[in-house]
Amino acid sequence: MIFIAMKYLLERRRQTILTLLGVFFGTMAYVGVSGFFVGFQGFMVQQLVNNAAQVHIEARKDYLSEHVLDVPFFGDKTLHTFWTAPPAGVEGFQGVQNPAKWYKRLAADPRVAAFTPQLTAPALFVLGKNSVGSNVIGCDPVQQVRVTTIADYMIAGKFTDIAVGGNRIVLGDELMKRIGAALNQNIMMSVGVNPGNRGLDLQAFASISDVQRTNLTPNQVNEIGVRLKDYQDADAMARTWGMSSPERVESWGDQNANILSVF
């Protein structure tokens, strides 16, 4: 069989060469495109993993179902209630319940590399006649640089400088440009607006104690960001923690499912 195959290959050299070239270029194109997508997927995963917390522990908010208020209103578990206009809206908490319990649990888990409490509040930044609505994120600056790579994107100053307190704040580059602010300049910030913009360059960071005081929510935390020693453990750990707590626990993969589905 080998002899017959070699005979036909050598007798029809032009056809053999064209076939080999077709296989060669087809395989080369396939390997090249596959390598591009695999490399791009790895790059995107690293960006998603490093630029934000790998596990997010947040205050849970769920939509009201039709019969969720039957017992609170009427007190009879066997009574079936028919609503003319069923309950609607969202139920839940404004902040993480008992964050100290989470701190203790995370500190004792050997798989956790670092964690930081966060309080995100909508704010209005004003300098002169310029005003921009955005979000201010209160955090533990020393732990925040361990949980995320935010310090690597600092253009001027040090991110951990806000740990000193005293109403210090770090502004995103785009936010600084929009209000015309410069390094070490005083600006006015008021909380309570709803800007609805979550772009990183339009956000600001401050010490969590300063944000809690300004937002009139002492000791409140609405998110705990966690960094793991192995980011591939995030999905399993998020499911385990979510089943044993009233908070909503999501991994980085859960929050970026739409992006990852492209690959």
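Please refer to the structure higher up on the page.
For clarity, every value in this text was computed on a predicted model and none was experimentally measured. (Residues numbered from 1 in each chain as written. Predicted model: local features only at pLDDT ≥ 70, side-chain atom pairs only at ≥ 80, totals over all residues. Heavy atoms only, no water.)

Trainee: Honestly, the environment of Ala 163 in this entry has me stumped. Any pointers?
Mentor: Counting through the fold element by element, Ala 163 comes out in the loop between helix H5 (141-147) and strand E6 (169-171). Judged by relative accessible area, Ala 163 falls into the partly exposed class, the value being 42%. For the pair Ala 163 and Ala 206, spaced 43 residues apart in sequence, the C-alpha separation works out to 8.0 Å. Each residue touching Ala 163, except ones within four places of it in the same chain, is listed here: Pro 141 and Val 142. (Helix = DSSP H or I, 4+ residues; strand = E, 2+ residues; numbered from the N terminus. Buried < 20%, exposed > 50% of the residue type's maximum accessible area, 1.4 Å probe, protein only. Contact = heavy atoms within 4.5 Å.)

Trainee: When you look at the layout of surface pockets in this model, what are you seeing that I'm missing?
Mentor: Quantified by volume, the largest pocket comes out at close to 1,000 Å³. For the lining of the largest pocket, the secondary structure elements donating two or more residues are E6, helix H6 (173-179), strand E7 (188-191), strand E8 (203-207) and helix H7 (208-214). Among the residues making up the lining of the largest pocket, the classes are represented as 21 nonpolar, eight polar and six charged. (1 Å grid on protein atoms, 1.4 Å probe; cavity = no way out; pocket = protein on both sides within 12 Å on 5 of 7 lines; lining within 4 Å. Points joined across faces, edges and corners; volume = space filled by probe spheres on them. Nonpolar A, V, L, I, M, F, W, Y, C, P; charged D, E, K, R; others polar.)

Trainee: Sorry if this is basic, but what is going on with the nonpolar core here?
Mentor: Looking at soluble globular proteins, one finds that nonpolar side chains tend to be buried together. Formed by 36 residues in total, the largest nonpolar core has its most connected members in Ile 57, Leu 106, Ile 224, Val 226 and Trp 241. The element that contributes the greatest number of residues to this core is strand E4 (residues 112-127), accounting for seven residues. Once residues within four sequence positions are removed from consideration, Trp 241 is found in contact with Val 55, Ile 57, Trp 102, Arg 105, Leu 106, Asp 109, Val 112, Val 226 and Val 249. One finds Ile 137, Cys 139, Ile 150 and Phe 205 within the second-largest nonpolar core, a separate group that totals seven residues. (Core = buried A, V, L, I, M, F, W, Y, C linked by side-chain atoms within 4.5 Å.)

Trainee: Help me out: how do you make sense of the packing of aromatic side chains in this one?
Mentor: Within the structure shown, the criterion is met by five aromatic pairs. When the centroid spacing of 5.5 Å and the interplanar angle of 70° are considered together, the rings of Phe 159 and Phe 205 count as edge-to-face. Taken together, the positions of Phe 159 in the loop between H5 and E6 and Phe 205 in strand E8 put the pair 46 residues apart, joining distant regions of the chain. Taken as a pair, Phe 159 and Phe 205 share a single burial class, namely buried. (Phe/Tyr/Trp six-rings, centres within 6.5 Å; stacked < 30°, edge-to-face > 60°.)

Trainee: When you look at helix H4 (residues 99-108) in this model, what are you seeing that I'm missing?
Mentor: Every α-helix winds through 3.6 residues per turn, so residues three or four apart in the chain are directed the same way. Along H4, the residues classified as buried are Pro 99, Trp 102 and Leu 106. When H4 is viewed along its axis, its buried side chains cluster within an angular range of 50° and face the same direction. With respect to the buried face of H4, the exposed residues turned more than 90 degrees away are Lys 101, Lys 104, Ala 107 and Ala 108. Those residues of H4 hidden inside the fold are in contact with strand E1 (55-58), E4, strand E9 (223-228), helix H8 (234-243) and strand E10 (248-251). (Arc of directions from axis to C-beta.)

Trainee: Explain the pattern of salt bridges here, please?
Mentor: A pair can form between side chains of opposite charge whenever their charged atoms are brought close. What the rule picks out here adds up to five salt bridges. When the shortest N-O distance is used, the salt bridge between Arg 248 and Glu 58 registers 2.5 Å. In this pair, Arg 248 sits in strand E10 while Glu 58 sits in strand E1, placing the two residues 190 residues apart along the sequence. Note that Arg 213 and Asp 210 form a salt bridge whose closest N and O atoms lie 2.9 Å from each other. (Salt bridge = Lys/Arg side-chain N within 4 Å of Asp/Glu carboxyl O.)

Trainee: For this particular structure, what's the right way to read H8?
Mentor: Those residues of H8 lying buried are Ala 234, Met 237, Ala 238 and Trp 241. The buried side chains of H8 occupy one side of the element, clustering within an arc of 100° when seen end-on. Exposed and oriented more than 90 degrees from the buried face of H8 are Arg 239 and Met 243. Contacts made by the buried residues of H8 are with E1, H4, E4, E9, E10 and helix H9 (252-255).

Trainee: Which parts of the structure should I look at to understand the pairing of E4?
Mentor: The side chains of a regular strand alternate between the sheet's two faces. In the sheet, E4 pairs with E9 via six bridges, with the strands oriented antiparallel. Bridge assignment links Gln 118 to a residue of E9, and that residue is Glu 223. Bridging between E4 and strand E5 (residues 130-139) involves 10 bridges; their strand directions are antiparallel. If you follow Ala 123 over to E5, its bridge partner there is Ser 134. Relative to E7, E4 is paired through four bridges, and the arrangement is antiparallel. Bridge pairing in E7 places Leu 124 opposite Ser 190. (Pairing = 2+ DSSP bridges.)

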